[in-house]
Amino acid sequence: MTEIVFTKAYFTKSAPSIRECPPETGCEVAFAGRSNAGKSSAINALTNQKLARTSKTPGRTQLINFFNVGNDQRLVDLPGYGYAKVSRDQKEKWQRDLSEYLQKRQCLKGLILLMDIRHPLQEFDTTMLDWAIRGNMPVHILLTKADKLSRMQANNALFAVQKQLKQAKLDELVSIQCFSALKYAGLDELKAKLQSWLAPVPDQGSEESASQ
């Protein structure tokens, strides 16, 4: 297994739709969230550089942005949704593109879904979860801006979302953690999850079979 060095990530391409995405090779993990969820800040904290564009105006990410993190391994910054001042037609196009990307992109290994810890599981979040689950794709939820709450409040929010996921019978495909880009809290857990998706440890049984 090769450990991914996320600080060496670099931008490779922006695509206006799934048809302009890079070829279906290697593997990638997508980041998605409402426009105020802190998605760009999380990617920048992960890579320790200003890789994703941040703005005081939510919704500036309107393209599918690809960042290389290794040997045909990519992070994908999906368009934010919710607060962008764009037309209804543009928002509907984003939704179609996101749905198509999540359900048809074969090299996509997992989805990092970011939610403001103070306002989790909004309509967009549950829609994204639904699209991912339809494609039998694992999802890791980042409850962002955890620094805005006390440790007890953050844990209570975490437990509440875990309970909702269990009630909806989504807990098998969905994992969850608290995260703060400002404090770099939860960064190691996020890196471990990304590592497991982008560069999984080969199954020992399959290795033995291949060597025989």
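Rules used in this analysis
- Residues numbered from 1 in each chain as written.
- Predicted model: local features only at pLDDT ≥ 70, side-chain atom pairs only at ≥ 80, totals over all residues.
- Heavy atoms only, no water.
- Helix = DSSP H or I, 4+ residues; strand = E, 2+ residues; numbered from the N terminus.
- Buried < 20%, exposed > 50% of the residue type's maximum accessible area, 1.4 Å probe, protein only.
- Contact = heavy atoms within 4.5 Å.
- Areas by Shrake-Rupley, 256 points an atom, 1.4 Å probe, with all protein chains shown as cover.
- pLDDT = per-residue confidence, 0-100.
- Core = buried A, V, L, I, M, F, W, Y, C linked by side-chain atoms within 4.5 Å.

Trainee: Got a minute to help me understand the overall build of the chain in this structure?
Mentor: A tally of helices and strands in the chain yields 6 helices and 7 strands. Along its sequence from the N terminus, the chain presents helices and strands in the succession β-β-α-β-β-α-β-α-β-α-β-α-α. Burial analysis of the chain (212 residues in total) assigns 45% to the buried set. Within the chain, counting contacts between residues at least 6 apart in sequence, those at least 24 apart form 75% of the total. Surface exposure of the chain reaches about 11,400 Å², of which carbon and sulfur atoms provide 47%.

Trainee: I'm lost on the environment of A192 in this one. Help?
Mentor: By secondary structure assignment, the location of A192 is in helix α5 (residues 187-198). Placed 188 residues apart in sequence, A192 and I4 show a C-alpha to C-alpha distance of 9.7 Å.

Trainee: Honestly, the confidence of the model for the chain in this entry has me stumped. Any pointers?
Mentor: Detailed reading of predicted coordinates is not advised where the pLDDT is low. Averaged over every residue, the pLDDT of the chain is 87; the share at 70 or more is 89%. Scored below 50 in pLDDT, residues 206-212 shows 1 contact in the model against residues more than four places distant or in partner chains.

Trainee: Help me understand the nonpolar core, please; the structure alone is not making it clear to me.
Mentor: In globular proteins that are soluble, nonpolar side chains generally tend to be buried together. In terms of nonpolar packing, the biggest core is built from 38 residues, with L78, Y101, L111, M128 and I141 touching the most fellow members. At the level of elements, β2 (27-33), β3 (64-70), α2 (88-104), β5 (108-116), α3 (123-134), β6 (139-144), α4 (151-167) and β7 (174-178) are the ones that each hand at least two residues to this core. In this structure, L111 is in contact with A30, A32, L78, L102, M128, A132, M137, P138, V139, H140 and W197, ignoring residues within four places of it in sequence. In terms of nonpolar packing, the next biggest core, distinct from the first, is built from 25 residues, F6, I43, I112 and W197 among them.

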